Amino acid sequence: MHHTIRSVAVVAIICGQSAIPVAQAPKPGSKPAQPVQAAQPAAGAARPGPASGDQRMVLSSGFTVDYPKRDWQPLVGVGSSFVVLFHKSREAAVAIERAKMPVPLAMNEIVDQTATLEIEDWQKRRPLATGFSHQFVDFLGQRSILIDFTQAGSQGPEHVRLYALPRGTEWYRVICTTTLPTFDKYKETFQRIALSVTPTGSQ
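The structure presented is a predicted model; accordingly, all values stated were derived computationally and were not measured.

Draft legend 1. Seen up close, the packing of aromatic side chains. Evaluation of the coordinates by the stated rule reveals seven aromatic pairs. Residues Tyr186 and Phe190 carry aromatic rings whose centres are separated by 6.2 Å and whose planes lie at 25° to one another, so their mutual orientation is stacked. Within this pair, Tyr186 and its partner Phe190 are both found in helix α3 (residues 183-196), separated by four residues, close to a single helical turn. Residues Tyr186 and Phe190 agree in their burial class; the two are buried. Linked through ring pairs, Trp72, Phe183, Tyr186 and Phe190 together constitute an aromatic cluster.

Structure, rendered in structure tokens:
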């Protein structure tokens, strides 16, 4: 079944959580993808407050997320997602999932092979999706995996940008979906939302 922006925004049906990949040593000769250099404060700086025009939502499930006050609406606790944010135009939606890891991953353990395992999981979850690629995002001393792929939707092809965020023993997935022609319009907002996800320590 295709996962469309409209179905995410209306009923937020996201595939169930699956096993979390554990980082392994990269294969000999492999070259790690270059990290995306997100704007970041000085080393050791506290987590920044919400960007201008954003608000911080505190989830009882144990994390916070920042999202634009204007034109975005949240749905909390729907489907297998803890929260779904959708743009009023229905051009874009962001769903956040969370699962447990047995042990935390160090930054230098989040490597190409970790990303490959995550991609393989998503290829099973979205068997008709194509064009999978990955890179890394370093922000506030933490590394995230950024995965892009294309899937079919009710309004035509969709661009999915997935942020896999290892945070201690938590593994967050921020699944950002938009129509193919409007991806560039929302990609900076997607990154701002995804990198704002922060565990609070409560469950």
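Draft legend 2. Geometry of helix α2 (residues 112-125). Its 14 residues give α2 an end-to-end C-alpha distance of 20 Å, which sits within 8% of 20 Å, the value for a rise of 1.5 Å per residue. Of the positions making up α2, those classed as buried are Asp112, Gln113, Thr114, Ala115, Glu118, Ile119, Asp121, Trp122 and Arg125. Close packing links the buried residues of α2 with β6 (92-100), β7 (130-139), β8 (142-153), β9 (156-167) and β10 (170-179).

Draft legend 3. Just the pairing of β6, in detail. Judged by how many residues are buried, β6 sits mostly within the fold: eight of nine residues are covered. As judged from the four bridges shared by strand β5 (residues 81-87) and β6, these two strands associate in the antiparallel manner. Looking across to β6, one finds that Val84 is bridged to Ala95. Count of turn residues in the β5/β6 antiparallel hairpin: four residues, of which Arg90 carries a positive phi of about 65°. The pairing of β6 with β10 spans nine bridges and is antiparallel. From the neighbouring strand, Ile96 faces β10, where its bridge partner is Val174.

Draft legend 4. Structural context of unusual backbone geometry. Notably, Arg90 is not glycine yet its phi reads approximately 65°, a positive angle. The phi angle at Leu140 is positive, at roughly 55°, despite the residue not being glycine. Looking at the element boundaries, Leu140 is found in the loop between β7 and β8.

What counts and what doesn't
- Each chain carries its own residue numbering, running from 1 in the written order of its sequence.
- In view of the model being predicted, local features appear only for residues whose pLDDT reaches at least 70, and side-chain atom pairs are presented and counted only at 80 or more, with totals across whole chains, interfaces and linings using the full set of residues.
- The basis for the side-chain values is all heavy atoms of the structure; hydrogens and waters are excluded.
- Each Phe, Tyr or Trp ring (for Trp, its six-membered ring) is paired with any other whose centre lies within 6.5 Å, and the angle between the two planes then decides the class: stacked below 30 degrees, edge-to-face above 60, tilted in between.
- The way it works is that DSSP assigns letters per residue, a run of H or I at least four long becomes a helix, a run of E at least two long becomes a strand, and they are numbered from the N terminus.
- For the exposure calls, accessible area comes from a 1.4 Å probe over protein chains only, and a residue counts as buried if that area is under 20% of its type's maximum, exposed if over 50%, partly exposed in between.
- One less than the number of residues in a helix, times 1.5 Å, gives the span that helix is expected to have.
- We call two residues contacting when some pair of their heavy atoms lies within 4.5 Å.
- A pair of strands counts as paired when DSSP detects no fewer than two bridges linking them.

Coordinates in, geometry out; function isn't part of it.
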